[in-house]
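Commentary on secondary and tertiary structure
One letter stands for each residue in the lines below.
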Amino acid sequence: MNRLSPFNVVSLTLGFVFLYVPMLILVIYSFNASKLVTVWAGFSTKWYGELLSNEAFLDAAWVTLRVAVISSTIATVLGTMAAYVLVRGGRFFGRTLFSGMIYAPLVMPEVITGLSLLLLFIGIGLDRGVLTIVLAHTTFSMCFVSVVVSSRLMTFDRSLEEAALDLGASPVDSFRLVTLPIIAPAVISGWLLAFTLSLDDLVIASFTSGPSATTLPMKIWSSVRLGVSPEINALSTIMIGLVTIGVITASLSTKHAALRAKRDEQAAARAT
Amino acid sequence: MAETVFAPWDVPTAEPIIRFRNVTKRFGTFVAIDDLTLDIYPQEFFALLGPSGCGKTTMMRMLAGFENPTEGFIELAGKDIAGVPANKRAVNMMFQSYALFPHLSIWDNIAFGLRRETSDKAAISARVEEMLKLTRLEKLARRKPHQISGGQRQRVALARSLAKAPKLLLLDEPLGALDAKLREATQFELMDIQEKTGTTFVIVTHDQEEAMTVASRIAVMDEGRIMQVATPDRIYEAPASVYVADFIGDVNILTGTVTATGADTYALTWKEGAAPVTAVSETTFAEGQQAHLAVRPEKVAIHTTKPDDVDNLLEGKVLDIAYLGNLSTYHVELPGGQIIKAQTANTRRLSRRSITWEDPVWVGWTKTAGVLLGA
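Residues numbered from 1 in each chain as written. Chains lettered and ligands numbered in written order. Predicted model: local features only at pLDDT ≥ 70, side-chain atom pairs only at ≥ 80, totals over all residues.

Moving on: the overall build of chain B. Counting its secondary structure elements, chain B contains 8 helices and 20 strands. Expressed as a percentage of its 375 residues, the buried residues of chain B come to 40%. Within chain B, counting contacts between residues at least 6 apart in sequence, those at least 24 apart form 64% of the total. (Helix = DSSP H or I, 4+ residues; strand = E, 2+ residues; numbered from the N terminus. Buried ≥ 20, exposed ≤ 12 C-beta atoms within 10 Å, placed from the backbone. Contact = placed C-beta atoms within 7 Å.)

In structure tokens form, the structure reads like this:
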């Protein structure tokens, strides 16, 4: 066993402190009985109860979830299509321009993206609400999906698609039966990325939402401006908990798949 | 009763299954295939042999339908196949990387092509079982491609490409990834399967031994052109050019000018002051024409004492010995620096070998041993 040197202990501690102390404080105060956020008055779960009866928060959570699911799904379809054309389309007129432009929204300040979308929606007379947030989120998250999927497609052995064509599959069938199942992990992680981006977006949602639709980040932001309430702490703790469970599940299943693949390969080696 | 020799290329009435007619393929300004005309006959095992970049893979991809000729046309069984997409051609290909679908089992890989043309489950199942049996993979049907060995993968790729009973099977460097022993066994397996199924095979390879072993005919290619098309023994024994002679196997080349000394016998003056070498040639040469004499090392004998009655005899000393176990190749340096390679079978144990480095020796060959080539 390697023992940790004092230097490693210090850097490890500093890292954890910077990353987790703010969240830890938030989690602790979410169980505070006092209404004052900074004064500890004993353990209580009453803020969680109040949160569940707060219609405004529940509505906002529902809007956020709907927007995230719909926009990330559309973004995944569009982003995968764009990635496929960019990687497989060969040389066509405007390819360089298109590939440059698909990456531009990644580095574009969110304020500008939000503002330009707002102007567009006003220009075409689209009422702002859930639909406009979905459209806005689809727009910026499809670029991320396209980046993730195209990097997978670049390492994809093209002869697999040729083999499918050679065996009589139409181009559509060869994509559906060969390409898609193989790039599925990248498509799924693209979807997850888009979903997460949509969940925690505040800036673009603020620009493109209307009075009928408020997302959770917007709701939290507006209520914090009136003072941090323990309810917000409780809500944030739930969100941290969900993210933690998600991350742990994902990494466990990846590890499980890797272990199974290794076992399979060992079995194959024994068989030969 | 004489056995019928399989040689449809010598039969004027035989209908080729593939016809390349003045096919040119350009990628930008690069000419991959240069005005190529070629016939391949049904049930042939045809090898395209050449160094990398000679255009052999491009020819195969044009047959499969992944590339189209820039000029000229290709006929498959009498029909021009330009414009017929890859998925509509009665041609299947075995890819160099095998291109097995990693998410499908061996069974499903083999069934993939069959499912595209029929939904008859019983027929698909029967055909897959037949293919599994042919390639001896019955026990591995449920495995995924990453769960089997390289040699087994190669057999799956073969089974998958044969499952649809194509008119023509293309094999792109099919044995490249196998080690020497497995490779040799697989070559014979391929020939066996080709005979059993009666499918026309076109194999692309850069390995001349592989081409010699499996093929009924070989096309030696260089820079988009075919240098010679002939049976393996003709390619080896009667190469049409110095390039072919040099590409296939090892060869000694003497260059000089020829003088006729008989009806079909020529004397080649290969060095000032040295005795000319004599050779019998089927092709005729003009007086004083430049020519090359190509002699295979195994047709050159090495002697420690000067022998009598040898058509061509040159004196030199042993410069190098390449010991290959069953064979030894002696590099003999002639006065003036020319090196002649002579190969002998090691019928005696090494310790009893009489020739060693720096020994003065004679190398000799008969006048029919070599081929006189114009260029």
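This paragraph deals with the interface of chain A and chain B. On the side of chain B, 21 residues touch chain A, which itself brings 19 residues to the contact. When contributions to the side of chain A that touches chain B are tallied by element, the ones reaching two or more residues are helix H7 (158-166), helix H8 (171-199) and helix H11 (230-271) of chain A. Counting residues per element, the side of chain A that touches chain B draws most heavily on H7(A), which supplies 6 residues. For the side of chain A that touches chain B, a count of residues per class yields 10 nonpolar, 4 polar and 5 charged. (Nonpolar A, V, L, I, M, F, W, Y, C, P; charged D, E, K, R; others polar.)

With that settled, the discussion passes to helix H5 (residues 110-123) of chain A. Its 14 residues place the ends of H5(A) 20 Å apart at the C-alpha level, agreeing with the 20 Å of an ideal helix rising 1.5 Å per residue. Looking at the buried side of H5(A), the elements it contacts are helix H6 (130-154) and helix H9 (203-208) of chain A. (Expected span 1.5 Å × (residues − 1).)

Successive residues of a regular strand alternate their side chains across the two faces of the sheet. Residues and elements named next belong to chain B. With 6 bridges joining them, strand S16 (residues 312-323) and strand S17 (residues 327-333) adopt antiparallel strand pairing. Of the residues in S17, the one forming a bridge with Ile-321 is Tyr-330. Where S16 hands over to S17, the hairpin turn is made up of 3 residues, of which Gly-325 adopts a positive phi near 90°. Of the strand pairs in this sheet, S17 and strand S18 (residues 339-345) are connected by 7 bridges, and their pairing is antiparallel. Looking at S18, one finds that Thr-329 is bridged to Gln-343. Turn length for the S17-S18 hairpin, with the two strands adjacent in sequence and antiparallel, is 5 residues, and the turn residue Gly-336 shows positive phi of about 105°. (Pairing = 2+ DSSP bridges.)

Attention now moves to the confidence of the model for chain B. For any part of a model where pLDDT is low, the fine detail of the predicted coordinates should not be relied upon. Residues and elements named next belong to chain B. Averaged over all residues, the pLDDT of chain B equals 89, while 98% of them reach at least 70. Within chain B, the element-level pLDDT minimum falls on helix H5 (residues 180-197), averaging 86, and the maximum on helix H2 (residues 106-117), averaging 95. Among the prediction metrics, the complex's ipTM stands at 0.82, with pTM recorded as 0.79. (pLDDT = per-residue confidence, 0-100.)

What follows covers the nonpolar core. In this structure, B:Leu63, B:Ile110, B:Leu170, B:Val202 and B:Val220 are the most contacted members of the largest nonpolar core, which totals 107 residues. Per element, the largest residue contribution to this core is 6 residues, and it comes from H2(B). Ranked by size, the runner-up nonpolar core spans 38 residues in total, among them A:Trp47, A:Phe121, A:Phe195 and A:Ala213. (Core = buried A, V, L, I, M, F, W, Y, C linked by C-beta atoms within 7 Å.)

Describing two packed helices takes the angle between their axes plus the distance from one axis to the other. All names here are of chain A. Interaxial distance between helix H3 (residues 55-88) and H8 falls to 8 Å at its minimum, and their mutual angle equals 140°. Our classification of the angle between H3 and H8 gives oblique. Between H3 and H8 lies a crossing of right-handed hand. Together, Thr-64, Val-67, Ala-68, Ser-71, Ser-72, Ala-75, Thr-76, Gly-79 and Thr-80 of H3 and Val-187, Gly-190, Trp-191, Ala-194, Phe-195, Ser-198 and Leu-199 of H8 make up the contact between the two elements. Here the residues of the contact of H3 with H8 sort into 8 nonpolar, 8 polar and no charged. (Axes fitted to C-alpha atoms, helices over the stretch in contact; angles between N-to-C directions. Parallel < 35°, antiparallel > 145°, perpendicular 65-115°, else oblique. Left-handed = near helix turned anticlockwise from the far one by under 90°.)

Residues and elements named next belong to chain B. With mixed pairing, 6 strands are arranged side by side in an open sheet as S6-S7-S8-S3-S9-S10. The sheet terminates laterally at strand S6 (91-94) and strand S10 (225-230), the two strands that pair on one side only. The sheet shows a mean angle of 20° between the axes of neighbouring strands, taken without regard to direction. Relative to strand S8 (residues 200-205), strand S3 (residues 45-49) is paired through 5 bridges, and the arrangement is parallel. Bridge pairing in S8 places Ala-47 opposite Ile-203.

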